Amino acid sequence: MMKVLVFGKGGSGKSTVVALLAKALVKHGFKVLVVDSDESNMTLHRMIGVDAAPSTLTDYLGGRRRVVEALFKCKSEIDWSFTEKGISGLPRECVTWQGRLGLLVVGKVSGFGEGCACPLNALTREFLRKVKMSSGEMIIIDTDAGVEHFGRGVEEACDLLLMVVDPTFESLVMVERAEKFAREAGKPLYYVLNKVDEKSRDLLIERIPRNKVLALLCYCNDWIMKSLKGEPLGEPPPEIEKLASFIIKRSYAPPSISTEPDNHTRSEG
């Protein structure tokens, strides 16, 4: 069992990686809960092919104001007893399942003037700290764009950090910050290079440790068209299957053992 946090700059393709990775892990026999912690992405459920739940976790706990009062102002408390039943026992009001693949949406910005994503990040952190997991289960977290979640300590409850890097200078700048934050958090950090060709791949690898790159994904027009139509992304490509195998291997390795990825070749998707 493992909690994997996926992050990256806006538009890098992190939600695509989350959806495909979750499906790959299900194919390997795992029960996978996707935690949607991105307050602005409204379509992740379509990408993974799971219906949206009637409410978000924020709504289930009484709404944004009550969450803020509990987490920041100590004016009330949150009853976390529902997390003791494990991911299979989470309330159906805020979790939906399609076979062994489930989706929990932490919250969304639904109105003008609601403020920043800090409460949603803090709620994600507390949920991940408290939820019980069993053997054969995985949690994949799709974060908001950027690195604000580091400031709210979402990584504290995760086992592995996965940054999606697209061929932009902004992504490379963010890699430097992510390396620093991951060291401070004491968490292993790896990379997926997305939307690359041979030239951009080589330029990116000059700036990123090769042994930390777990997958190389080319620009895939089929994924773009499926996302545009609001359709599930389909079967994961070989590179995502290799990524899933690495995560599975890592989940069974003792904490003191460093499991390095094998050499990978890029996938045409």
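Calculation rules
Residues numbered from 1 in each chain as written. Predicted model: local features only at pLDDT ≥ 70, side-chain atom pairs only at ≥ 80, totals over all residues. Heavy atoms only, no water. Pairing = 2+ DSSP bridges. Helix = DSSP H or I, 4+ residues; strand = E, 2+ residues; numbered from the N terminus. Axes fitted to C-alpha atoms, helices over the stretch in contact; angles between N-to-C directions. Contact = heavy atoms within 4.5 Å. Core = buried A, V, L, I, M, F, W, Y, C linked by side-chain atoms within 4.5 Å. Buried < 20%, exposed > 50% of the residue type's maximum accessible area, 1.4 Å probe, protein only.

1. So, the sheet that holds strand β3 (residues 95–98)
Pairing between the strands of a sheet comes from backbone hydrogen bonds, and it takes one of two forms, parallel or antiparallel.
Thinking step 1. Strand order in the open sheet made by the eight strands is β3-β4-β2-β5-β1-β6-β7-β8, with mixed pairing throughout. With partners counted over all chains shown, the strands left at the sheet margins are β3 and β8 (213–217), one partner each. Between one strand axis and the next, the sheet turns through 20° on average, direction left out of account.
Thinking step 2. When strand β2 (residues 31–37) meets strand β4 (residues 101–105), the two strands line up parallel, connected through five bridges. What sits directly across from leucine 33, in β4, is glycine 102.
Thinking step 3. Along the sheet, helix α1 (residues 14–27) contacts β1 (2–7), β2, β4, β5 (137–143), β6 (160–165), β7 (189–194) and β8; its crossing angle with β5, the most-contacted strand, is approximately 170°.
Thinking step 4. Along the sheet, helix α7 (residues 169–185) contacts β1, β6 and β7; its crossing angle with β6, the most-contacted strand, is approximately 170°.

2. Examining the nonpolar core
One broad trend across soluble globular proteins is that nonpolar side chains are buried collectively.
Thinking step 1. Residues Phe7, Leu33, Phe127, Ile139 and Met163 are the most contacted members of the largest nonpolar core, which totals 48 residues.
Thinking step 2. Here the element with the most residues in this core is α7; it accounts for six residues.
Thinking step 3. Those residues within four positions of isoleucine 139 in sequence are excluded, and the remaining contacts are Met2, Lys3, Val4, Leu33, Val35, Ile87, Leu128, Val131 and Met133.
Thinking step 4. Formed by 41 residues, the second largest nonpolar core is a distinct cluster that contains Val34, Leu160, Leu217 and Ile248.

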